[in-house]
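# Working through the structure, step by step
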Amino acid sequence: MAAPTTSKPDDAFSLHSISQDSAIQLGEDPSLHAGAFFAPAEPHLPPDLAQDAHDHGAEQQEQPPQDDPFDDAEDSGFDSGSLLGDETDTLASSIMHYRMENGRQYHAYRDGAYWGPNDELAKEILDFAHHMYLLTLDHKLHVAPIRSPQTILDVGTGTGIWAIDMADQYPSATVIGTDLSPIQPEWVPPNCHFEIDDVSLDWTFPLDHFDFIHIRELFGCIPDWDFFFEQAYAHCKPGGWIEIVEHSVEPICDDGSMGPDHFFHLWGKTVVDMGNIFGKSFTIWAESKARMEKAGFVDVVEVTYKWPMNGWSEDRKLKNIGRWNQLRLHEGIEGFMLRLLTQAGGWSVPRAQVFLAEMRKALREYKTHAYLPGTVVYGRKPLRS
Ligand SMILES: C[S@@+](CC[C@H](N)C(=O)[O-])C[C@H]1O[C@@H](n2cnc3c(N)ncnc32)[C@H](O)[C@@H]1O
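Not measured: the values here are computed from a predicted model. (Residues numbered from 1 in each chain as written. Predicted model: local features only at pLDDT ≥ 70, side-chain atom pairs only at ≥ 80, totals over all residues.)

Once that is clear, we can look at the overall build of the protein. A tally of helices and strands in the protein yields nine helices and ten strands. Classification of the 385 residues of the protein by burial places 48% in the buried group. Sequence separation of at least 24 residues holds for 75% of the intrachain contacts in the protein that already meet a minimum separation of 6. (Helix = DSSP H or I, 4+ residues; strand = E, 2+ residues; numbered from the N terminus. Buried ≥ 20, exposed ≤ 12 C-beta atoms within 10 Å, placed from the backbone. Contact = placed C-beta atoms within 7 Å.)

Let us look at helix α9 (residues 349-363). Because each turn of an α-helix spans 3.6 residues, side chains separated by three or four positions end up pointing in the same direction. Counted at 1.5 Å a residue, the expected span for α9 with its 15 residues is 21 Å, and the 21 Å between its end C-alpha atoms agrees. Most of α9 is tucked away, with 14 of its 15 residues classed as buried. (Expected span 1.5 Å × (residues − 1).)

Here helix α3 (residues 120-136) crosses helix α8 (residues 316-344) at 155°, and the two axes come no closer than 10 Å. Here α8 runs roughly antiparallel to α3, going by the angle between their axes. Pair α3 / α8 crosses with left-handed handedness. Within the contact between the two elements, α3 uses Leu121, Ala122, Ile125, Phe128, Ala129, His131, Met132, Leu135 and Thr136 and α8 uses Asn320, Ile321, Trp324, Asn325, Leu327, Arg328, Glu331, Gly332 and Gly335. Considering only residue class, the contact of α3 with α8 consists of ten nonpolar, six polar and two charged. (Axes fitted to C-alpha atoms, helices over the stretch in contact; angles between N-to-C directions. Parallel < 35°, antiparallel > 145°, perpendicular 65-115°, else oblique. Left-handed = near helix turned anticlockwise from the far one by under 90°. Nonpolar A, V, L, I, M, F, W, Y, C, P; charged D, E, K, R; others polar.)

In the vicinity of the ligand, 23 residues are found, and the nearest of them are Gly156, Gly158, Arg216, Glu217 and Cys221. The greatest single-element share of the shell around the ligand, amounting to three residues, is contributed by α3. A per-class count over the shell around the ligand returns nine nonpolar, nine polar and five charged. (Near = placed C-beta within 6 Å.)

Take the pairing of strand β10 (residues 370-380) next. Both faces of the sheet carry side chains from a regular strand, because those side chains alternate between them. Across the eleven residues of β10, nine count as buried, placing the element largely inside the fold. Both strand β8 (residues 252-253) and β10 contribute to a ladder of two bridges, which runs antiparallel. Pairing of cysteine 253 across the sheet is with alanine 370, part of β10. Where strand β9 (residues 298-308) and β10 come together, nine bridges link them in antiparallel fashion. The partner of tyrosine 305 across the bridge, within β10, is glycine 374. (Pairing = 2+ DSSP bridges.)

With respect to the helices and strands, tyrosine 366 occurs in the loop between α9 and β10. Once the C-alpha coordinates of tyrosine 366 and serine 257 are considered, the two residues, 109 residues apart in sequence, prove to be 9.9 Å apart. If sequence neighbours within four positions are ignored, tyrosine 366 has contacts with Asn310 and Trp312.

Attention now goes to the confidence of the model for the protein. With 76% of its residues at a pLDDT of at least 70, the protein reaches an overall mean of 83. Taken together, the stretch residues 1-5 has pLDDT below 50 and engages in seven contacts with residues farther than four places along the chain or on a different chain. Confidence over residues 12-44 falls short of pLDDT 50; this stretch has 79 contacts with residues more than four positions distant or in other chains. (pLDDT = per-residue confidence, 0-100.)

Unusually for a residue other than glycine, asparagine 102 sits at a positive phi of about 50°. Considering the arrangement of structural elements, one finds asparagine 102 in the loop between β1 (99-101) and β2 (104-106). Among the residues examined, asparagine 102 registers 19 C-beta atoms within 10 Å and is labelled partly exposed.

Once that is clear, we can look at the nonpolar core. Residues Ala167, Ile213, Ile242, Met337, Leu341 and Ala352 are the most contacted members of the largest nonpolar core, which totals 92 residues. Examining the composition of this core, we find that twelve residues originate from one element, α8, more than from any other. Beyond its immediate chain neighbours, meaning those up to four positions away, alanine 167 contacts Val175, Val188, Pro189, Asn191 and Cys192. (Core = buried A, V, L, I, M, F, W, Y, C linked by C-beta atoms within 7 Å.)

Okay, the environment of lysine 317 next. Relative to the elements of secondary structure, lysine 317 occurs in helix α8. In this structure, the C-alpha to C-alpha distance between lysine 317 and leucine 135, residues 182 residues apart in sequence, is 7.7 Å.

In this section: the environment of alanine 144. The topology assignment puts alanine 144 in the loop between α3 and β3 (151-155). Owing to 19 C-beta atoms within 10 Å, alanine 144 belongs among the partly exposed residues under this scheme. In contact with alanine 144, not counting residues within four places along its chain, are Phe212, Trp241, Glu243 and Tyr378.

Below, the structure written as structure tokens:
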């Protein structure tokens, strides 16, 4: 990868050490959702994009399908004999047999279900986003008015960074983080646990159980949001809260500085289209409130926020968030889009890398005052349903 052309914003933070943790034993159920749809001609590259695309691996050829998807698996150094508490079993080794694809490492359990890699770079990008959410929410981990929660669920926890912080903030609570990938650290607060689980299936937690259910950035991950919120409702305690934090993938602009032909329009449309082909939409940020109310939650509140595409804003807070966003996107878009573009879109790797290079170029342009809108939506399960 090329040296980043963006530097880390000033308020650099330290990331928790990321190693592996154990989880529940699960049977294998490989389900590949992706298929090839179209493979347009290779584009002609301007020199700067050609260099960027080359630096980010455009010369790499797509790998032929493998008979054994685990042949190229990489050992992450995880001790498969590790245990997590009393109520869990050893981690099935198949969960650790990650899939390597175009130089990136992806989860193995429910192979193909999620668009993002789970390698070190991907984990770092998730933790950048966590930092950006803290900046956005003025260092709060949640907005919902929860009081002394005892049971907290973080659905699709990623590196577990939010769950760990919540466990520290509420030491009398039990915090459970679930994910397809066992990428959470080993050393966590004693009241924090991680489990490997697919949230798009029936939830196996007790009914009426959680005081707080947290969802963040599950865009492009959920095939049926109505079913998802029904599950969340059933497993939320009466009087308990749910909160979902999501952002748009389509940059917009309020002052006319992003013309109709700006690359950001093509970027946003492409991501949304790829999500639709993949069968998991990226537009939940705008739908959360209505969907939550439809599931039965009450007192639903939507809070909006903006993530500028770089440090163009004169507002101090937005400028800082924008600088983080520029870095996160510059380094993260390969992970966000490579699988979607090549598997869902059927693009060649070189074509995808050129598209990513175009985006990195747009991110370095300060005259365009674009941003990603986002929402934090929270609501309560009534005491009597
Ligand atoms: C964009 S990341 C967000 C991670 C975390 N919520 C955060 O905000 O830092 C999405 C996460 O959801 C997980 N995920 C995707 N589909 C899932 C599924 N069906 N069941 C459980 N986890 C899933 C991915 O493995 C990934 O860690």
